[in-house]
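The chain contents come next:
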Amino acid sequence: MLTRRGFAGAFAAGALLPDARAQTSGREAWPNRFVRLIVPFPPGGGTDAIARVVAGKLSDMWGQQMVVENRGGGATSVGTEAVVRADPDGYTFLLQSMPLAANRFLFPALNYDPVADFAPVSLLCEYANIMAVPVTSPAHAVADFIANAKAHPGKVTFASSGHATSVHLSGELFKRMAGIDMLHVPYRGAGPALNDLIPGRVDVMFNNIGAVLPLIQGGKLRGLAVTTARRAPALPELPPIAETVAGFDVSSWYAIFAPAKTPPDIIAKLYADIAAALADAAIKQRLEQLGVIVVGSTPGELAAFFKREMDKWGPVIKEAGITGNE
């Protein structure tokens, strides 16, 4: 849901726009041509779908196209670096997720600084992962799973869709906060991992709701909990892991950033327009159909959220000895 603070921030941003127009008196009103939204993931996935819903609404509002450009590769660094190199003129933006917060800890050197090189615009939405187990698992709740893992140290396995993905990091954080030992089994994608989870060749997976929900509804997997701090609208019967492991909160999130030095008046207008787009009932419904929770935020709230994400994942990655080059 769009937060109350987000609505208040939208009002505040709107109040700033007359001053912003005064600042732009020496140039044409923004936007006066197409705007690029670079998505550093391959086309066709959930991130791409979210980008196109938001970009489509903004295009309608502006009478100018926001064009989605998919630039996957390099653990999202290819597309991210393209935004860093772009002119900070308000015509190139970045839609990013957890990798922007985690990559600085996974790679010894990056060609960008995730804080200094970007200006936060708005958090869009969160995307819950589900703690899922085979239907043959003895665990019917998170507490059962933890008790079983403690009774069989070193014998419990958790699958992921790949090394250093949000699915992997969710499992590492759970292991750390629950005080249990689990062996990570990485796969080349979610499909192969789920193929081994269903028959019980691995014990648990913290996979995204879009991939797991049909398997739970079809009786092929058992959902124990969601990784977000609040329940997911698509599966309201599943409790958050945090009800058993206090403080646990993991979501795949999506936010829009601008190159550093983008004019503040442009950021203020884009933020206000995003807030209006997310408040639109049809857009909210389309996003929720993708399994996400619409959030919204001011630029300042996104900056604070991003810092919390880095503070969360830095110690987990370091303690687990994870590197992005594995």
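What you see is a predicted model, and the numbers here were worked out from it, not measured in a lab. (Residues numbered from 1 in each chain as written. Predicted model: local features only at pLDDT ≥ 70, side-chain atom pairs only at ≥ 80, totals over all residues. Heavy atoms only, no water.)

### Re the overall build of the chain
Within the chain, the regular secondary structure consists of 11 helices and 10 strands. Over its C-alpha trace the chain gives a radius of gyration of 20 Å, about what one expects of a compact globule, namely 20 Å for 326 residues. Along the three orthogonal principal directions, the C-alpha set of the chain runs to about 70 × 40 × 30 Å. Put simply, the chain has 326 residues, and 53% of those count as buried. By sequence separation, contacts in the chain at least 24 residues apart represent 78% of the contacts at least 6 residues apart. With an accessible surface of roughly 13,800 Å², the chain has 55% of that area assigned to carbon and sulfur atoms. (Helix = DSSP H or I, 4+ residues; strand = E, 2+ residues; numbered from the N terminus. Rg over C-alpha atoms; globule rule 2.2 N^0.38 Å. Buried < 20%, exposed > 50% of the residue type's maximum accessible area, 1.4 Å probe, protein only. Contact = heavy atoms within 4.5 Å. Areas by Shrake-Rupley, 256 points an atom, 1.4 Å probe, with all protein chains shown as cover.)

### Some points on the pattern of salt bridges
Tallied over the entire structure, the rule returns 15 salt bridges. Among the ionic pairs, R33 bridges to D89, the shortest N-O distance being 3.3 Å. Residue R33 is located in the loop between α1 (4-23) and β1 (35-39), and its partner D89 is located in the loop between α3 (77-85) and β3 (92-96); the two are separated by 56 residues in the primary sequence. Under the relative-accessibility criterion, R33 is labelled partly exposed at 35%. (Salt bridge = Lys/Arg side-chain N within 4 Å of Asp/Glu carboxyl O.)

### Some points on the side chain of N207
Tracing the backbone through its elements, the reader meets N207 in strand β7 (residues 204-208). Excluding residues that lie within four positions of it along the chain, N207 makes contacts with N129, I130, V167, A190, L194 and V212.

### Things to note about the environment of V204
By the element assignment, V204 lies in strand β7. Those residues in contact with V204 that lie beyond four places of it in its chain are M131, A132, V133, F145, T157, F158, A159, M182 and L197.

### Some points on the environment of D89
Under the relative-accessibility criterion, D89 is labelled partly exposed at 30%. D89 sits 174 residues away from P263 along the chain, and the two C-alpha atoms are 7.1 Å apart. Contact partners of D89, with chain neighbours within four places excluded, come to W30, R33 and I266. A distance of 3.3 Å separates polar atoms of two side chains, one belonging to D89 and the other to R33. A polar contact is formed between the side chain of D89 and the backbone nitrogen of Y91, at a distance of 3.1 Å. (Polar contact = N/O pair within 3.5 Å; in protein donor to acceptor, adjacent residues only side chain to side chain.)

### Here's the deal with the nonpolar core
Ranked by internal contacts, the top residues of the largest apolar core, which has 58 residues, are F93, I130 and L270. Leaving out residues up to four positions away in the same chain, L270 has contacts with W30, L58, W62, F93, V121 and I256. Judged by nonpolar contacts, the second largest core, of 49 residues, contains A102, L173, L224 and I322. (Core = buried A, V, L, I, M, F, W, Y, C linked by side-chain atoms within 4.5 Å.)

### Here's the deal with the packing of helix α2 (residues 46-62) against helix α9 (residues 264-279)
The contact between α2 and α9 brings their axes to 10 Å, and the two run at 110°. Classed by the angle they form, the pair α2 and α9 counts as roughly perpendicular. Note on packing geometry: the crossing formed by α2 with α9 is right-handed. Facing α2, whose interface residues are K57, L58, M61 and W62, α9 presents K269, L270, D273, I274, A276 and A277. Tallied by class, the residues present in the contact of α2 with α9 amount to 7 nonpolar, no polar and 3 charged. (Axes fitted to C-alpha atoms, helices over the stretch in contact; angles between N-to-C directions. Parallel < 35°, antiparallel > 145°, perpendicular 65-115°, else oblique. Left-handed = near helix turned anticlockwise from the far one by under 90°. Nonpolar A, V, L, I, M, F, W, Y, C, P; charged D, E, K, R; others polar.)

### Examining the pairing of strand β4 (residues 118-134)
The element β4 is largely enclosed, with a buried count of 16 among its 17 residues. As judged from the 9 bridges shared by β4 and strand β9 (residues 251-259), these two strands associate in the antiparallel manner. Bridge pairing in β9 places L123 opposite A255. Strand direction decides the pairing type here: β4 and strand β10 (residues 292-294), joined by 3 bridges, are antiparallel. The residue of β10 that forms the bridge with E126 is I293. (Pairing = 2+ DSSP bridges.)

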